[in-house]
Amino acid sequence: MKLRILGSAGAEFPDFRPPAFLIDDSLLLDAGTIGSVLTEEEQWSIKNIFITHAHLDHIRSIPALADNIIVKNLRHLVDVYAPQSVIDALRNHLFNGLIWPDFTCLPTPEEPVLRFNTIEPLVPVLLCDKPEEPRCLNGYTLTAITVHHTVPAVGYCVEHAGRRLVYTGDTGPTEEIWSYASGADALIVEVSFPNSQEPLALLTQHLCCSLLEKELTKIAVLPKRILITHPKPQYYEQIKSEIAQMGIRQVELLRDGTIYDI
Ligand SMILES: [Zn+2]
Ligand SMILES: [Zn+2]
């Protein structure tokens, strides 16, 4: 899997963009950053978007993407997947005809730009370009796993061609996702705050390095790569040095724009 980091910060500053992870040019995990880094053609390549939770930094680029598509590429459909509570929030508070048009009915209800799909935690979703293929060898399987944040939130396990990537989204200390992370080819896990702000991390249900260390002990076999996302840019260097002090070889703080072969 080609993993392109469109954004991996816990806030917005020059060179620090909100979270969005593009897999093989077509599958997007979270949508904090799209149009500020992708060309028009690259935006049209996006077919599926999986959202972890309804916080603005994870959904905020979907409205502009829908608008960009409708201007010139009317027949392109983007499927948005998320748990029911997130879909409800998108419908009621964003694409409600007031904050932004309802692109699930535009340009026509029959052929809209956006389609919302509800997913249930732990029920795998198979994405396949060729549904007629009985075993869909080139398909992606995505499983939502509940994590612990201030609003209902999930992480995702993405499996494709024998490779496995797990993304936590925003979470404080949690449990269920770590069995999926065990032995994975890559884990994208959040660290939002420096250790000095552990009480704030716990209050807002995020992680700092000391909390992450405890979480990693819950994983039977550490993933080959552990990629840290969602740091507050104001504390980027501090978090980077605390990650280095952990002394775990495969842990790395993400930078926007990096591309990995998973
Ligand atoms: Zn959040
Ligand atoms: Zn966030």
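Just above sits the structure.
Only a predicted model underlies this, so the values are computations on that prediction, with no experimental measurement involved.

Conventions adopted
Residues numbered from 1 in each chain as written. Chains lettered and ligands numbered in written order. Predicted model: local features only at pLDDT ≥ 70, side-chain atom pairs only at ≥ 80, totals over all residues. Heavy atoms only, no water. Helix = DSSP H or I, 4+ residues; strand = E, 2+ residues; numbered from the N terminus. Buried < 20%, exposed > 50% of the residue type's maximum accessible area, 1.4 Å probe, protein only. Polar contact = N/O pair within 3.5 Å; in protein donor to acceptor, adjacent residues only side chain to side chain. Contact = heavy atoms within 4.5 Å. Pairing = 2+ DSSP bridges. Axes fitted to C-alpha atoms, helices over the stretch in contact; angles between N-to-C directions. Donors = N, O, S within 2.8 Å, 3.2 Å for Na, K, Ca; no water. Tetrahedral: all angles 85-135°; square planar, octahedral: opposite > 155°, others 65-115°. Core = buried A, V, L, I, M, F, W, Y, C linked by side-chain atoms within 4.5 Å.

Enquirer: I tried to follow the side chain of Ser182 on my own but got confused; where do I start?
Expert: Mapped onto the secondary structure, Ser182 falls in the loop between helix H5 (177-181) and strand E11 (186-190). Overall, the relative accessible area of 18% leaves Ser182 in the buried class. Polar contacts involving the side chain of Ser182 include one to the main-chain amide nitrogen of Val221, which spans 3.0 Å. Excluding residues that lie within four positions of it along the chain, Ser182 makes contacts with Arg164, Ile219, Ala220 and Val221.

Enquirer: Which parts of the structure should I look at to understand the sheet that holds strand E4 (residues 48-50)?
Expert: By way of backbone hydrogen bonds, the strands of a sheet pair with one another, either parallel or antiparallel. Strand order in the open sheet formed by seven strands is E6-E5-E4-E3-E2-E1-E14, with mixed pairing between adjacent strands. Every other strand in the sheet has two partners, leaving strand E6 (114-118) and strand E14 (259-261) as the edge strands with one partner each. Averaged over all pairs of adjacent strands, the angle between strand axes in this sheet comes to 20 degrees, irrespective of strand direction. Pairing of strand E5 (residues 78-82) with E6 involves five bridges; the strand directions are parallel. The residue of E6 that forms the bridge with Tyr81 is Asn117. Strand contacts of helix H4 (residues 84-93): E5 and E6, with the helix running at about 150 degrees to E6, the strand carrying the most contacts.

Enquirer: Explanation requested: the coordination of the zinc ion (ligand 2) in the structure shown.
Expert: Ideal coordination angles are 109.5 degrees for a metal with four donors arranged tetrahedrally and 90 or 180 degrees for a metal with six donors arranged octahedrally. Distances from the zinc ion (ligand 2) to its protein donors, Asp57 (OD), His58 (NE2), Asp170 (OD) and His230 (NE2), fall within 2.1 to 2.2 Å. With four donor atoms in place around the zinc ion (ligand 2) and angles of 90 to 169 degrees between them, the coordination shape is irregular. All donors of the zinc ion (ligand 2) belong to a single chain; written as a sequence motif, their spacing is D-H-x111-D-x59-H. Between the two metals, the zinc ion (ligand 2) and the zinc ion (ligand 1), the spacing is 3.6 Å, and Asp170 donates to both. Placement of Asp170 in the loop between strand E10 (163-167) and H5 and of His230 in the loop between strand E12 (225-229) and helix H8 (236-246) is noted, with a sequence separation of 60 residues between them. You can call His230 buried: its relative accessible area is 2%.

Enquirer: Which parts of the structure should I look at to understand the nonpolar core?
Expert: A general trend in soluble globular proteins is that nonpolar side chains are found buried together. Leu187, Val189, Leu212 and Ile228 are the most contacted members of the largest nonpolar core, which totals 31 residues. Of all the secondary structure elements, the ones that give two or more residues to this core are strand E8 (140-147), strand E9 (153-160), H5, E11, helix H7 (209-216), E12, H8 and strand E13 (251-253). If near-sequence neighbours (up to four positions away) are discounted, Leu187 is found in contact with Val166, Thr168, Trp178, Ala181, Leu216, Ile219, Pro223, Arg225, Ile226 and Leu227. Judged by nonpolar contacts, the second largest core, of 28 residues, contains Leu6, Ala31, Ile69 and Ile70.

Read these as layout, nothing more, since geometry by itself doesn't imply function.
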